[in-house]
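What the coordinates show
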Amino acid sequence: MNKQTSSWFNVENVPQNYIFPEEDRPGSLPIPVCDAIPVIDLGKSPTEEIMKACREFRLFHVTEHGVPEAVISDTMRVVKDFFELPEDEIAKISSEGGCVYTSSNCFAKDGAHLWRDCLKHPCHPLEQCIPYWPQRPTEYRDALAKYVGEIRKLSLKILELISKGLGLEAGYLGALSEVQILTANNYPACPDPTLTLGLLRHCDPSLITILYQGDIRGLQIVKDGQWIGVEALPNAFVVILGNQLEIISNGKLKSTEHRAVTNPNETRRSIATLINPSPNCIVKPADVLVNDLSPSLYEPTLYKDFVLRSKGFGAFTKSIQSYIKSET
Ligand SMILES: O=C(O)CCC(=O)C(=O)O
Ligand SMILES: [Fe+2]
């Protein structure tokens with residue numbers, strides 16, 4: 001086995017406090033990967049295809065996205081190296097403002113732990129955020145700065161297509177996406193994936209989330225009341241619709257319920273970049289989508305109140321939120 005940071009997962013049987021209640025755990029029934037989830041070529045200005053995917057699956061893959069392969073592979077490498085740092089190095093991280101490291105020692109539900117370690121930090125505006133990022137591995141900041149810059153461009157491109165598809169003016173959703181939060185997830189191999197979860201069923205508190213998951217499966221979404229698996233396509237990104245897009249679109253688009261399951265063979269890593277409004281933004285349905293036939297379905301809500309109420313960034317919501325400058 002590779003050098004591992006911590007030993008909590010290096011066990012033959014799943015410890016009792018990692019076993020989720022029956023209604024949450026994946027169980028032993030197979031959940032097949034759905035090959036109907038659209039893979040959208042972004043080189044073709046595919047507004048209609050994106051809108052159809054958003055309506056039918058609330059999620060889609062994108063290829064021809066413009067993010068260089070080397071940027072992705074360097075990022076995955078430094079993220080792997082980060083999670084393999086000695087425990088005392090990682091322990092220093094949690095004390096640095098704005099950057100949060102959570103190990104599986106945090107309880108997720110009813111005393112059950114997630115089978116996951118995770119690192120979260122804001123990453124836009126870049127200059128303001130970089131000083132809070134981990135300094136080890138030494139290439140972390142350089143690699144991630146390139147990655148989040150590329151993801152910013154990609155997210156604006158996708159939001160522009162969705163703005164158009166919803167009939168909103170150009171730049172409408174882009175203007176509501178001033179904050180970007182990166183979550184790097186590390187799910188070690190698990191002796192019994194039927195009992196455990198990398199991430200519980202949730203919706204992201206974002207407008208959209210751009211997820212990179214390499215070539216190891218583990219993401220599942222709810223479609224028509226059933227769990228379905230999402231393929232892991234190397235060098236493609238998964239776009240997940242978040243709560244804020246559901247509100248702004250006045251329910252025309254719905255957020256994606258999803259979770260991450262574990263596997264018995266190898267460590268899976270994913271990088272989720274959440275594209276969010278700023279904390280003091282009032283999020284409400286776009287005026288052009290509200291009329292007599294389609295009355296407003298959501299109360300205007302201050303984004304930071306939404307996030308605090310829903311604990312959108314987990315147990316450390318407050319420290320992440322308070323770090324982001326309110327004037328942004
Ligand atoms: O690891 C995954 O596939 C999902 C990650 C995720 O949903 C999240 O970080 O919010
Ligand atoms: Fe998520």
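Let me sum up the structure you'll find in this document.

Criteria and cut-off values
Residues numbered from 1 in each chain as written. Chains lettered and ligands numbered in written order. Predicted model: local features only at pLDDT ≥ 70, side-chain atom pairs only at ≥ 80, totals over all residues. Heavy atoms only, no water. Donors = N, O, S within 2.8 Å, 3.2 Å for Na, K, Ca; no water. Helix = DSSP H or I, 4+ residues; strand = E, 2+ residues; numbered from the N terminus. Buried < 20%, exposed > 50% of the residue type's maximum accessible area, 1.4 Å probe, protein only. Pairing = 2+ DSSP bridges. Axes fitted to C-alpha atoms, helices over the stretch in contact; angles between N-to-C directions. Contact = heavy atoms within 4.5 Å. Parallel < 35°, antiparallel > 145°, perpendicular 65-115°, else oblique. Left-handed = near helix turned anticlockwise from the far one by under 90°. Near = heavy atom within 4 Å. Polar contact = N/O pair within 3.5 Å; in protein donor to acceptor, adjacent residues only side chain to side chain. Areas by Shrake-Rupley, 256 points an atom, 1.4 Å probe, with all protein chains shown as cover. Nonpolar A, V, L, I, M, F, W, Y, C, P; charged D, E, K, R; others polar. Phe/Tyr/Trp six-rings, centres within 6.5 Å; stacked < 30°, edge-to-face > 60°. Lys NZ or Arg CZ within 6 Å of the ring centre and 35° of its normal. Core = buried A, V, L, I, M, F, W, Y, C linked by side-chain atoms within 4.5 Å. Salt bridge = Lys/Arg side-chain N within 4 Å of Asp/Glu carboxyl O.

**A short note on the coordination of the iron ion (ligand 2)**
Ideal geometry at a metal centre gives angles of 109.5 degrees when four donors are arranged tetrahedrally and 90 or 180 degrees when six donors are arranged octahedrally. Coordination of the iron ion (ligand 2) by the protein involves His 202 (NE2), Asp 204 (OD) and His 258 (NE2), with metal-donor separations of 2.1 to 2.2 Å. Counting along the primary sequence, the residues that act as donors to the iron ion (ligand 2) give the motif H-x1-D-x53-H. Taken as a pair, His 202 in strand β8 (residues 199-202) and His 258 in strand β13 (residues 258-260) lie far apart in primary sequence, 56 residues in all. Residue classification places His 202 among the partly exposed residues on the basis of a relative accessible area of 23%.

**A look at the sheet that holds strand β7 (residues 179-187)**
Ordered by their spatial adjacency, eight strands build an open sheet running β1-β2-β12-β9-β14-β7-β6-β3, and the pairing between neighbours is mixed. Looking at the sheet topology across the chains shown, the edges are occupied by β1 (39-41) and β3 (100-102). Ignoring which end each strand starts from, the neighbouring axes of this sheet average 25 degrees apart. As paired strands, strand β6 (residues 117-124) and β7 are joined by seven bridges and run antiparallel to one another. Bridging from a neighbouring strand, Asp 117 pairs with Asn 186 of β7. Relative to strand β9 (residues 208-212), helix α5 (residues 140-166) is tilted by about 130 degrees, and along the sheet it contacts β2 (59-63), β6, β7, β9, β12 (237-241) and β14 (268-276).

**Re the packing of helix α2 (residues 69-83) against α5**
Here α2 crosses α5 at 135 degrees, and the two axes come no closer than 9 Å. Relative to α5, α2 is oriented oblique. Crossing angle aside, the handedness with which α2 passes α5 is left-handed. Contacts between α2 and α5 pair Val 71, Asp 74, Thr 75 and Val 78 from the former with Tyr 140, Ala 143, Leu 144, Lys 146, Tyr 147 and Glu 150 from the latter.

**Thoughts on the site of ligand 1**
Surrounding ligand 1, one finds Asn 185, Tyr 187, Leu 199, His 202, Asp 204, Leu 211, Leu 219, His 258, Ala 260, Arg 268, Ser 270 and Ala 272. At 3.0 Å, a side-chain N or O of His 258 approaches an oxygen atom of ligand 1. Note that an oxygen atom of ligand 1 is positioned 2.8 Å from one of the side-chain N or O atoms of Arg 268. Here ligand 1 has 300 Å² of accessible area as a free molecule, and 95% of this is covered by the chains. Of all the secondary-structure elements, those providing two or more residues to the shell around ligand 1 are β7, β8, β13 and β14. Top contributing element to the shell around ligand 1 by residue count: β14, with three residues. For the shell around ligand 1, the residue count by class is six nonpolar, four polar and two charged.

**Concerning the packing of aromatic side chains**
By the definition in use, this model includes seven aromatic pairs. Both rings, one in Phe 82 and one in Tyr 140, keep their centres 6.2 Å apart while their planes meet at 55 degrees; by these two values the pair is tilted. One end of the pair, Phe 82, is in helix α2; the other, Tyr 140, is in helix α5, with 58 residues separating them in the sequence. Each member of the pair, Phe 82 as well as Tyr 140, carries the same accessibility label: buried. Positioned above the aromatic ring of Phe 57, the side-chain terminus of Lys 223 is 5.0 Å from the ring centre. Note that Arg 259 overlies the ring of Trp 227, its terminal NZ or CZ placed 3.9 Å from the centroid.

**A look at the environment of Arg 152**
You can see Arg 152 is positioned in helix α5. Taking the C-alpha atoms as reference points, Arg 152 and Ile 275, separated by 123 residues in sequence, lie 8.3 Å from one another. Among residues more than four places away in sequence, those in contact with Arg 152 are His 124, Ser 177, Glu 178 and Gln 180.

**Section: the environment of Asn 17**
For Asn 17, the location among the structural elements is in the segment before β1. Since its relative accessible area comes to 34%, Asn 17 is described here as partly exposed. Here the alpha-carbon distance between Asn 17 and His 113, two residues 96 residues apart in the chain, equals 6.2 Å. Once you skip the residues sitting within four places of it in the chain, Asn 17 turns out to touch Gly 111, Ala 112 and His 113.

**Here we look at the packing of helix α1 (residues 47-56) against α5**
Relative orientation of the contacting elements α1 and α5 amounts to 85 degrees, with a least axis distance of 9 Å. Judged by the angle between their axes, α1 and α5 are roughly perpendicular. Residues Thr 47, Ile 50, Met 51 and Cys 54 of α1 pack against Leu 161, Ile 162, Lys 164, Gly 165 and Leu 166 of α5. In terms of residue class, the contact of α1 with α5 is built from six nonpolar, two polar and one charged.

**Considerations on the nonpolar core**
Ile 158, Ile 162, Ile 208 and Phe 237 are the most contacted members of the largest nonpolar core, which totals 64 residues. Counting residues per element, this core draws most heavily on α5, at 13 residues.

**A look at the pattern of salt bridges**
For the structure on display, the rule yields 11 salt bridges. A salt bridge links Lys 52 to Glu 56; its shortest N-O distance comes to 3.5 Å. Taken as a pair, Lys 52 and Glu 56 lie in helix α1 at a separation of four residues, close to a single helical turn. Notably, a salt bridge pairs Arg 201 with Glu 257, separated by 2.8 Å at the nearest N-O pair. With Arg 201 in strand β8 and Glu 257 in the loop between α6 (243-248) and β13, this pair connects stretches of sequence that are 56 residues apart. Judged by its relative accessible area of 45%, Arg 201 is partly exposed. Connected via shared salt-bridge partners are Lys 80, Glu 84 and Arg 269.

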